[in-house]
Amino acid sequence: MASSTLLLSLLFASLVISSSAAAAAPNFFQTTDITWGDGRAQVLDNGDLLTLSLDKATGSGFQSINEYLFGKIDMQIKLVSGNSAGTVTAYYLRSEGSAWDEIDFEFLGNLSGDPYIVHTNVFSQGKGNREQQFYLWFDPTADFHTYSIIWNPQRIIFYVDGMPIRVFENKESIGVPFLKNQPMRIQSSLWNADNWATRGGLVKTNWSLAPFTASYRNFNEDACIWPWGQASCGSTVSDKSWYTQDLDFENQGKLKWVQNNFMIYNYCNDAKRFPQGLPPECNDAA
Ligand SMILES: *[C@@H]1O[C@H](CO)[C@@H](O)[C@H](O)[C@H]1NC(C)=O
Ligand SMILES: *[C@@H]1O[C@H](CO)[C@@H](O)[C@H](O)[C@H]1NC(C)=O
């Protein structure tokens, strides 16, 4: 028993060494810092894989080393499988300070076979209350899927596997602050929120199933690295198609398909919540 374990670990070590010779691409060791979780967040496979885990004591998290001011950020995530009720996997961009900017994906777990909710939000200068929520058209725990944020001076686009699910336009012209001055980092965490996450808090985390694990790979930061001018974007930004990206006719159709079939909440349709009137960006056609 002990010797076969040793043999396996030797085999594993040699695999790691041989793949490290081949791999030159940026990896999680170079692009991210583990921020909390006391060993529950791990970078594995020579930097190609990052896992977060959650148990009854605590969850875990990481952040990008770089800060960005505009960019196209992709991450492949495989969410907590099986009964993930009560867990939340948050993946977002956020700046510092009390008037922060933030672009959120939050994945709310569920009982086995019941759908996750993808919760999105946009904060500008500390003000959020712009939630949209979706079901997905696939099982996000069976495999990795790509979650992308395009952030440019005109708009923010949320994508799932290249399918636009949400657009937040720059509406400064009607007085809505836009996210354009504060650099943001990617942040991600896996934590317990069974007081609200699943069916509004009705279904609690089953701790006998812990630890819960979410996995990340293929982090791609095609972005303007802060401080502006020192790095990738200063002179080459006009070469970057995401910098002016909008939805063409075909992608507007895809967005409609997602919103018609999978959107389960939109703050812009929640008149009861805003008795003084819907937020201005809701009424102004793009
Ligand atoms: C969990 O499943 C229930 C039943 O299908 C559904 O109402 C709910 O929206 C799902 N998602 C979450 C996160 O509660
Ligand atoms: C929690 O999971 C265990 C193991 O699958 C199961 O036996 C138990 O019934 C579950 N508890 C609840 C409250 O569902």
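Keep in mind the model is a prediction, meaning the values are calculated, not measured.

Definitions and cut-offs
- Residues take numbers from 1 onward in each chain, read along the sequence in its written order.
- Chain letters and ligand numbers both follow the written order, the letters beginning at A and the numbers at 1.
- Per-residue local features of the predicted model are confined to residues with pLDDT of at least 70, and side-chain atom pairs are confined, for both listing and counting, to 80 or more; whole-chain, interface and lining totals are unaffected and use all residues.
- Side-chain metrics in this entry use all non-hydrogen atoms of the structure; hydrogen atoms and water are not considered.
- For helices the rule is a DSSP run of H or I covering at least 4 residues; for strands it is a run of E covering at least 2, with both sets numbered from the N terminus onward.
- Contact definition: two residues touch when any of their heavy atoms are within 4.5 Å.
- Here a polar contact is taken to be a pair of N or O atoms separated by no more than 3.5 Å, where protein atoms must pair a possible hydrogen donor with a possible acceptor and residues adjacent in sequence count only if both atoms sit in side chains.
- Each residue is tested against the molecule or strand, and it is near if at least one of its non-hydrogen atoms lies within 4 Å.
- Accessible surface area values rest on a Shrake-Rupley calculation with a 1.4 Å probe, where residue burial reflects the displayed protein chains alone.
- The criterion for a disulfide is a pair of cysteine sulfur atoms lying within 2.5 Å.
- Classification of residues uses two cut-offs on accessible area relative to the type maximum, computed with a 1.4 Å probe and protein chains only: under 20% is buried, over 50% is exposed, and between them is partly exposed.
- The criterion for strand pairing is that DSSP finds at least two bridges linking the strands in question.

## Quick word on the environment of Arg 94
Okay, step 1: Examined against the element boundaries, Arg 94 turns out to sit in strand 6 (residues 87-94).
Okay, step 2: When the C-alpha atoms of Arg 94 and Tyr 68 are compared, they prove to be 9.7 Å apart, with 26 residues separating the residues in sequence.
Okay, step 3: Here Arg 94 is in contact with Trp 100, Asp 101, Glu 102, Pro 183, Met 184, Arg 185 and Gln 187, once residues within four sequence places are set aside.
Okay, step 4: Of note is the side chain of Arg 94, whose polar atom sits 3.1 Å from the side chain of Glu 102.

## Looking at the site of ligand 1
Okay, step 1: Taken together, the neighbourhood of ligand 1 is formed by Leu 108, Gly 109, Asn 110, Asp 114, Pro 115, Ile 117, Tyr 135, Ala 197, Thr 198 and Arg 199.
Okay, step 2: At 2.9 Å, a backbone N or O of Pro 115 approaches a nitrogen atom of ligand 1.
Okay, step 3: In this structure, an oxygen atom belonging to ligand 1 sits 2.7 Å away from a main-chain N or O atom of Arg 199.
Okay, step 4: Surface burial for ligand 1 is 75%, taken as the share of its 360 Å² of free accessible area covered by protein chains.

## Describing the site of ligand 2
Okay, step 1: Around ligand 2, a shell composed of Asn 206, Ser 208 and Leu 209 is seen.
Okay, step 2: Interatomic distance of 2.4 Å between a side-chain N/O atom of Asn 206 and an oxygen atom of ligand 2.
Okay, step 3: Within the contact set of ligand 2, an oxygen atom lies 3.1 Å away from a side-chain nitrogen or oxygen of Ser 208.
Okay, step 4: Contact with the protein chains hides 23% of the accessible area of ligand 2, taken as 360 Å² for the molecule alone.

## Topic: the state of the cysteines
Okay, step 1: Going through the model one piece at a time under the given rule, you end up with 1 disulfide.
Okay, step 2: Disulfide partner of Cys 268: Cys 282, at an S-S distance of 2.0 Å. Sign of the S-S torsion, about -75° for the bond between Cys 268 and Cys 282, identifies this disulfide as left-handed. With a gap of 14 residues between them, Cys 268 in the loop between strand 15 (263-266) and helix 4 (280-283) and Cys 282 in helix 4 connect regions that are remote in the sequence. Considered together, Cys 268 and Cys 282 belong to a single accessibility category, that of buried residues.

## Overview of the pairing of strand 6
Okay, step 1: The buried count for strand 6 comes to 7 of 8 residues, which makes it a mostly enclosed element.
Okay, step 2: Of the strand pairs in this sheet, strand 6 and strand 13 (residues 185-192) are connected by 8 bridges, and their pairing is antiparallel. Its bridge partner being in strand 13, Tyr 91 is matched across the sheet by Ser 188.
Okay, step 3: Here 7 bridges tie strand 6 to strand 7 (residues 102-108), and the two strands are oriented antiparallel to one another. For Ala 90, the partnering residue across the bridge sits in strand 7 and is Glu 106.

## Observations concerning the side chain of Arg 40
Okay, step 1: One can find Arg 40 in the loop between strand 1 (32-36) and strand 2 (42-44).
Okay, step 2: A relative accessible area of 18% means that Arg 40 is categorised as buried.
Okay, step 3: Looking at Arg 40, its side chain comes within polar contact range of the main-chain oxygen of Gly 37, at 2.9 Å.

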